[in-house]
Amino acid sequence: MSKVLIVDDDPDIREFIKYNLEKEDFNVDVAENGTIGLKKVHEFKPDLVLLDIMLPDVDGVETCMRIREIKNNVQPIVAFLTARSEDYSQIAGFDAGGDDYITKPIKPRLLVSRVKALLRRKSELVVEDQMIKIGNLILDYDRYLFINKDKEIQLPRKQFNILSLLISNAGKVVRRTDLMEKIWGSDVFVSDRNIDVQIRKIREKIGDKMIKTVKGVGYKFIVKDEAAKVGT
């Protein structure tokens, strides 16, 4: 049974979402602010966190950043709940390590469908005990690590999955439309600017020479005289 944590300061919204998810047999817990939400991420260990952007103590973006800093814990999917649709708020959320947005007012059937889709993509994208190796580079699926000559770089889930897709197709161009479809899914609108933010963050962490922008098409992971292989 998948676990979902709802972090929202509005008790009516918490109860509304909890009721609709429990009808679908999800194990649901709630928190009224970011501080309690962070505590429950440690204790409840949710598979997915529905996180309100406008929280009274620690806002949703900061809460998400703190979730992504948690060590020794399986990282949950984070979907923001927001009544705001401005592009800058989405960029801030994705920049903090968020995976998706669900806009208020929330429609029950759409909510349940989105939650199921997010959890389904999680199970499809994460493969236990598998690594992608390219020369001295390793992408560790079990620990969400990019390893370059023994230097370990922790990546948020979304950035890890993007890098995984690029490395799996090393030397080939991955179209932006394929990134949107395979990482975010067809039922989620993602602007080009949001993709650019994620790619920029990956480059800041692993170096800017490994990912090449193919203008108007997409991105390519550069392999220098190395043969890519996938192994266990």
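This text goes with the structure placed above it.
Per chain, residues are indexed from 1 in the order of the written sequence. Under the rules for a predicted model, residues below a pLDDT of 70 receive no local features and side-chain atom pairs below 80 are neither given nor counted, while totals for whole chains, interfaces and linings still include all residues. Side-chain metrics rest on all non-hydrogen atoms present in the structure, leaving aside hydrogens and water.

**Q** Please explain the sheet that holds strand S10 (residues 173-175) as it appears in this structure.
**A** Two pairing modes exist for strands in a sheet, parallel and antiparallel, and in both the strands are linked by backbone hydrogen bonds. Pairing between two strands requires that DSSP report at least two bridges joining them. Helix and strand definitions here come from DSSP, where helices need a minimum of 4 consecutive H or I residues and strands a minimum of 2 consecutive E residues; each element is numbered from the N-terminal end. Strand order in the open sheet formed by 3 strands is S10-S12-S11, with antiparallel pairing between adjacent strands. Across the chains shown, the open sheet's two edge strands, defined by having one partner strand only, are S10 and strand S11 (211-214). Neighbour-to-neighbour, the strand axes of the sheet open up by a mean angle of 30°, direction not taken into account. Judged from the 4 bridges that link them, S11 and strand S12 (residues 218-221) form a sheet pairing that is antiparallel. In the strand pairing of S12, Thr213 is matched with Tyr219. Should any heavy atoms of two residues lie within 4.5 Å, those residues are considered in contact. In this analysis an axis means a line fitted to C-alpha atoms, helices contributing only their contacting stretch, and an angle means the value between N-to-C directions, from 0 to 180 degrees. Against the sheet, helix H7 (residues 176-184) makes contact with S10 and S12, and its axis sits at roughly 65° relative to S10, the strand it touches most. Helix H8 (residues 192-206) rests against S11 and S12 of the sheet, and its axis sits at about 150° to S11.

**Q** Help me understand the packing of aromatic side chains, please; the structure alone is not making it clear to me.
**A** Each aromatic ring pair is characterised by the separation of its centres together with the angle its planes make. Pairing of aromatic side chains requires ring centres within 6.5 Å, counting the rings of Phe and Tyr and the six-membered ring of Trp. Pairs whose planes differ by under 30 degrees are stacked, by over 60 edge-to-face, and all others tilted. Inspection of every chain in the model, using the stated rule, returns 1 aromatic pair. On the numbers, 5.3 Å between centres and 35° between planes, the contact of Phe80 with Tyr101 is tilted. On the criterion of sequence distance, the pair formed by Phe80 in strand S4 (residues 77-82) and Tyr101 in strand S5 (residues 100-103) is long-range, its members being 21 residues apart. Sitting above the plane of the Phe44 ring, Lys3 keeps its charged end 5.3 Å from the centroid. As a reminder, the over-ring test applies to NZ of lysine and CZ of arginine, requiring each to be within 6 Å of the ring centre and within 35 degrees of the ring normal.

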